Amino acid sequence: MVAVGSKCRVCKGPAIIDLPRHNAHFCADHFLELCRRQVAKAIEKYDMIHPDDKVLVAVSGGKDSLAVWDLLIDLGYKADGLYIGLGIGEYSEVSGQYARAFAAERGLRLIEVSLRDDYGYDIPTASRATRRVPCSACGTSKRHLFDKAALDGGYTVLVTGHNLDDEAAVLFGNTLRWDVEYLSRQLPVLPARSGFPKKVKPLVRLTEREMAAWCIVRGIDYLVDECPMAAGNKHLAYKATLNAIEQESPGSKASFYLNFLDNMAPLLAGRSASATDALGTCTSCGAPTTSDLCAFCRTAAKARAHEPVPVELVLSKGRRRR
Ligand code: Q46
Ligand code: ZN
Ligand code: ZN
């Protein structure tokens, strides 16, 4: 991670990580301090969380969501976790174990929802039944269940572990298409509105690599494997492209995304149709929607009517990763 003999920029002790975009090396303590500062800065700058908020963190068992939960607790916030079992074969089984172990070791409350047990379907089946890519059916399911768990539990803020790499990759894709609708909604905070909780992304100033390092230094065990259904996802290609640019020009990724927030997002404010659309109520579950049935209930109905599809069948041979 760092050349032998490198020294921490702050204390001149032995460094454990180099951060080219800061043009500096850091020891373990000062690296953790930098991460805390970046999260505190994001929370303050974008008005994400107040001390009296009741916070729910969506956790997947991966590094980012466990790191953001850890960081919020470390910064003095009270936060519960939410884990959704997506039924993606062994990946889901193992990811749940990591989320449970993290919560149990720290005495934190983890709310669990199982798509298969509680709603009668899973993501591989939903993908096949709706003829959509798995991430599309998955996104619809997760968004709905995040919103529902937050509102049912009286939480005022829902936190996700999206980091700088995630947000820059999404921004890159939206920019390639000049998708003004999505660009106008790509903010680190979405305010609460009727039927939707406030949603925030406190890791937008930290990279994937920094979150992996946070977990290692803090002794957090996390699931290293990516979701097998992410293979072929365009975001992976966008991330690789941005990493190549970052390699040549450290700091590009952060300036691409953070300068978008400072300079472009204000110009796009109010351009999102979905923010102003009059919403009705889903006749099945009561969630806000523009049609009779919300996207979640439509997906769930199709998936439940389909015989269960094992994850292996959805992964084509060429795309299977393990
Ligand atoms: S879990 Fe779901 Fe992700 Fe897997 S199927 Fe796609 S969206 S990749 S964060
Ligand atoms: Zn130091
Ligand atoms: Zn519904």
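The structure under discussion appears in the preceding block.
Bear in mind the structure is a predicted one, so any value in this text is a computation, not a measurement.

A tally of helices and strands in the protein yields 14 helices and 10 strands. For 322 residues, the compact-globule estimate of 2.2 N^0.38 gives 20 Å, and the C-alpha radius of gyration of the protein, at 20 Å, lies within 12% of that figure. The C-alpha extent of the protein, read off along each of the three principal axes, is 60 × 45 × 40 Å. When burial is assessed residue by residue, the protein has 50% of its 322 residues classed as buried. By sequence separation, contacts in the protein at least 24 residues apart represent 69% of the contacts at least 6 residues apart. Accessible surface, the protein: about 15900 Å² in total, of which carbon and sulfur atoms supply 53%.

Moving on: a positive patch on the surface. Together, Arg9, Lys12, Arg37 and Lys41 make up a region of like positive charge exposed at the surface. Residue placement: Arg37 occurs in helix α1 (residues 28–45).

Near ligand 1 the following residues occur: Leu86, Ile88, Cys135, Cys138, Lys142, Cys227, Met229 and Ala230. Here the shell around ligand 1 is built from residues that sort into 7 nonpolar, no polar and 1 charged.

A few words now on the coordination of the zinc ion (ligand 2). Those protein atoms acting as donors to the zinc ion (ligand 2) are Cys8 (SG), Cys11 (SG), Cys27 (SG) and His30 (ND1), and they sit at 2.1 to 2.3 Å. When the donors of the zinc ion (ligand 2) are listed by position in the chain, the intervening gaps give C-x2-C-x15-C-x2-H. Of this pair, Cys8 sits in the segment before β1 (17–19) while Cys27 sits in the loop between β2 (24–26) and α1; the two residues are 19 residues apart in sequence, bridging distant segments of the chain. Each member of the pair, Cys8 together with Cys27, is buried.

A separate point is the coordination of the zinc ion (ligand 3). Protein-derived ligands of the zinc ion (ligand 3) are Cys282 (SG), Cys285 (SG), Cys294 (SG) and Cys297 (SG), with the metal-ligand distances lying across 2.3 Å. Geometry at the zinc ion (ligand 3) is tetrahedral, judged from the 4 donor atoms that bind it and their angles of 107 to 115 degrees at the metal. Along the chain, the residues that donate to the zinc ion (ligand 3) are spaced as C-x2-C-x8-C-x2-C. Of the two residues, Cys285 is situated in the loop between β9 (280–281) and β10 (288–289) and Cys297 in helix α13 (residues 295–304); the sequence distance between them amounts to 12 residues. Since its relative accessible area comes to 37%, Cys285 is described here as partly exposed. A relative accessible area of 10% means that Cys297 is categorised as buried.

Taken in spatial order, the 6 strands line up as β5-β4-β3-β6-β8-β7 in an open sheet, and their pairing is mixed. Only two strands of the sheet have a single partner each, and these edge strands are β5 (110–114) and β7 (189–190). Running at roughly 155 degrees to strand β3 (residues 55–59), helix α2 (residues 63–74) makes contact with β3, β4 (79–85), β5 and β6 (157–159) of the sheet. Against the sheet, helix α6 (residues 134–152) makes contact with β3, β4, β5, β6 and β8 (198–200), and its axis sits at roughly 145 degrees relative to β4, the strand it touches most.

Here we come to the nonpolar core. In terms of nonpolar packing, the biggest core is built from 60 residues, with Phe31, Ile49, Val57, Trp69, Leu72, Val159 and Trp214 touching the most fellow members. The contacts of Trp214, once residues within four sequence positions are left out, are Phe31, Leu32, Cys35, Arg36, Ala67, Asp70, Leu71, Asp74 and Ile220. Residues Ile84, Leu115, Ala149 and Leu158 belong to the second largest nonpolar core, which totals 36 residues.

The rules behind these values
- Residues numbered from 1 in each chain as written.
- Chains lettered and ligands numbered in written order.
- Predicted model: local features only at pLDDT ≥ 70, side-chain atom pairs only at ≥ 80, totals over all residues.
- Heavy atoms only, no water.
- Helix = DSSP H or I, 4+ residues; strand = E, 2+ residues; numbered from the N terminus.
- Rg over C-alpha atoms; globule rule 2.2 N^0.38 Å.
- Buried < 20%, exposed > 50% of the residue type's maximum accessible area, 1.4 Å probe, protein only.
- Contact = heavy atoms within 4.5 Å.
- Areas by Shrake-Rupley, 256 points an atom, 1.4 Å probe, with all protein chains shown as cover.
- Patch = residues over 30% accessible without salt bridge, like charges linked within 9 Å, V, L, I, M, F, W, Y side chains within 5 Å.
- Salt bridge = Lys/Arg side-chain N within 4 Å of Asp/Glu carboxyl O.
- Lys, Arg positive; Asp, Glu negative; His and termini not counted.
- Charge placed at Lys NZ, Arg CZ, Asp CG, Glu CD.
- Near = heavy atom within 4 Å.
- Nonpolar A, V, L, I, M, F, W, Y, C, P; charged D, E, K, R; others polar.
- Donors = N, O, S within 2.8 Å, 3.2 Å for Na, K, Ca; no water.
- Tetrahedral: all angles 85-135°; square planar, octahedral: opposite > 155°, others 65-115°.
- Pairing = 2+ DSSP bridges.
- Axes fitted to C-alpha atoms, helices over the stretch in contact; angles between N-to-C directions.
- Core = buried A, V, L, I, M, F, W, Y, C linked by side-chain atoms within 4.5 Å.

None of this, on its own, says anything about what the molecule does.
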